[in-house]
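Observations on chain architecture
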Amino acid sequence: MPDRKWAKRLYDYTSDGLILLHLFLMLYYAVYSVLLMLLVNLACLLLCGIGLYLLRKERILAHTLLIYLVELIHLTVSAIWVGWSAGIQVPLIGLTAMVFLSEYLGRSMKLPYIRSLPLALVNFGVYLTAFPFFFHRPGLLGLERSAVITAEMLWSLLVFGLLIWGMFSVVQLTSVSEHRLANKAETDELTGLLNRAGYDRLLKELDLNSTTLLLVDTDKFKGINDTFGHETGDRVLQKISRSLMGNFRQNDYVCRIGGDEFAILMVNVGTLENEKIAEKIRYINRELAGSIDDELPAVSVSVGVAHGAGAESWSELFRHADAVLYRVKQNGGRGCMVHSAESA
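Everything in this summary refers to the structure shown in the same document. (Residues numbered from 1 in each chain as written. Predicted model: local features only at pLDDT ≥ 70, side-chain atom pairs only at ≥ 80, totals over all residues. Heavy atoms only, no water.)

Moving on to the overall build of the protein. Scanning the protein from N- to C-terminus turns up 11 helices and 5 strands. Here the protein holds 344 residues, and 43% of them are scored as buried. Sequence-distant contacts in the protein: of pairs separated by 6 or more residues, those separated by 24 or more amount to 68%. (Helix = DSSP H or I, 4+ residues; strand = E, 2+ residues; numbered from the N terminus. Buried < 20%, exposed > 50% of the residue type's maximum accessible area, 1.4 Å probe, protein only. Contact = heavy atoms within 4.5 Å.)

Every buried residue of helix H8 (residues 221–228) is accounted for by Phe221, Ile224 and Asn225. Buried residues along H8 cover an arc of 95 degrees about the axis, so they all sit on one side. For H8, exposure combined with an orientation more than 90 degrees from the buried face picks out Lys222, Asp226 and Thr227. The inward-facing, buried residues of H8 contact strand S1 (211–218) and helix H9 (230–247). Just downstream of H8, glycine 229 is the residue with a positive phi angle, here 100 degrees. (Arc of directions from axis to C-beta.)

The subject of this paragraph is the state of the cysteines. One pass over the full model with this rule turns up 0 disulfides. Of the cysteine sulfurs around cysteine 44, a residue in no disulfide, the closest is that of cysteine 48, at 6.4 Å. Overall, cysteine 44 belongs to the buried group, its relative accessible area being 4%. (Disulfide = S-S within 2.5 Å.)

Together, Trp155, Leu158, Val159, Leu162, Leu163, Trp165 and Met167 make up a nonpolar patch on the protein surface, roughly 800 Å² of accessible area in all. Along the chain, leucine 162 turns up in helix H6 (residues 143–185). Residue leucine 162 is classed as exposed on the basis of its relative accessible area, which comes to 52%. (Patch = residues over 30% accessible without salt bridge, like charges linked within 9 Å, V, L, I, M, F, W, Y side chains within 5 Å. Areas by Shrake-Rupley, 256 points an atom, 1.4 Å probe, with all protein chains shown as cover. Salt bridge = Lys/Arg side-chain N within 4 Å of Asp/Glu carboxyl O.)

Formed by 24 residues in total, the largest nonpolar core has its most connected members in Leu214, Ile240, Leu244, Phe248 and Ile264. Counting residues per element, the ones that place at least two in this core are S1, H8, H9, strand S3 (261–267), helix H10 (274–287) and strand S4 (301–307). Setting aside anything within four residues of it in sequence, one finds leucine 244 in contact with Val254, Phe262, Ile264 and Ile284. Residues Leu203, Leu206, Cys255 and Ile257 belong to the second largest nonpolar core, which totals 18 residues. (Core = buried A, V, L, I, M, F, W, Y, C linked by side-chain atoms within 4.5 Å.)

What follows concerns the sheet that holds S1. The strand order across the open sheet formed by 5 strands is S2-S3-S1-S4-S5, and the pairing between neighbours is mixed. Each edge of the open sheet carries a strand with a single partner, namely strand S2 (253–256) and strand S5 (335–338). For this sheet, the mean angle separating the axes of adjacent strands, direction not counted, is 15 degrees. Where S1 lies against S4, 7 bridges are found, and the strand directions are antiparallel. Each residue of the ladder has a partner; that of valine 216, found in S4, is valine 303. (Pairing = 2+ DSSP bridges. Axes fitted to C-alpha atoms, helices over the stretch in contact; angles between N-to-C directions.)

Where burial is concerned, most of S4 is hidden: 7 out of the 7 residues are buried. Burial along S4 is two-sided: Val301, Val303, Val305 and His307 facing one way and Ser302, Gly304 and Ala306 facing the other are all buried. Relative to S5, S4 runs parallel, the two sharing 4 bridges. Within S5, the residue paired with valine 303 across the bridge is cysteine 336. Taking the sense of rotation as the criterion, the β-α-β connection linking S4, helix H11 (residues 314–330) and S5 turns out left-handed. (Right-handed = clockwise from strand over helix to strand, strands pointing away.)

Right, let's talk about the side chain of threonine 212 for a bit. With respect to the helices and strands, threonine 212 occurs in strand S1. For threonine 212, the side chain forms a polar contact with the side chain of histidine 307, separated by 2.7 Å. Those residues in contact with threonine 212, other than ones at most four positions away along the chain, are Ile264, Leu265, Met266, Val269, Ile277, Val305, Ala306 and His307. (Polar contact = N/O pair within 3.5 Å; in protein donor to acceptor, adjacent residues only side chain to side chain.)

Summed over the entire model, instances satisfying the criterion amount to 11 salt bridges. We note a salt bridge from arginine 201 to glutamate 186, for which the minimum N-O separation is 2.7 Å. Linking arginine 201 in helix H7 (residues 196–205) with glutamate 186 in the loop between H6 and H7, this pair joins segments that are 15 residues apart in sequence. Judged by its relative accessible area of 14%, glutamate 186 is buried. Here the salt bridges do not stand alone but share partners, grouping Glu275, Glu279, Arg282 and Arg286 into one network.

Rendered as structure tokens:
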């Protein structure tokens, strides 16, 4: 089952597609001077816009009912005016697909929505029974003219769809390329963590008051480089990175902001969880104490913690975390301290 964000994006694309479809039909009927269908599609276009607004407000039930009624009215008028022979099966199948999508996405987004499955089955039944029976019904425009209009419209719609798909693909590929370049610029090559540029970007996006900053410094790292060499030092940093990533939540951000310095931005963490943070650091230090399997030297980290609720700016939050980190280092390292009014 898709997550809420993915489901909402797909629903957005579906609604945008209906707007483009009615815009195309409106322009096409204007070319053939079919005034009634022009006005019907104009009304559908406006109502789809209202439906898009309802979707933005996450009123899925109201959105689904509105769009379904709009398409049902359009289908009915088309059948009377143009005739069943004029490709009416296409919007009927589209309407059936729409209600199936509503059912599926409504469940995925866990929001109020219409139980659309019965409607979809009714639509499908109508298509199987009514369409073959009424296939030769000409409609008010007459069989020959409606067939010509529909054939040209479907061909133009195919070309139009391919053009839209092509433009969308170009935009998407460009967006993906830009996203990859941005990710590469913000990723530390050695550890795969966010680098200082990524850390600075996060400060612009996160809420200060609900964020907790952990500054992590590797104890006596210079001695490891001097004794075992830089290659071993790099492997130690990679081990620290894996340990930090493995012991913090998926919605926390672990960054490498310097040579052997790391920063962790924890979201929605209060002072009541200070002991949990301290326990995480104790566990991380036990992991880093050394393993026969990796043949790496034992290492430990010192950590300074500061809550954004106690700071007026990101720079002040950093100073708070750095101050208590300095005190941990003075006390021999391998520990964790939380900034408070008493420790200031």
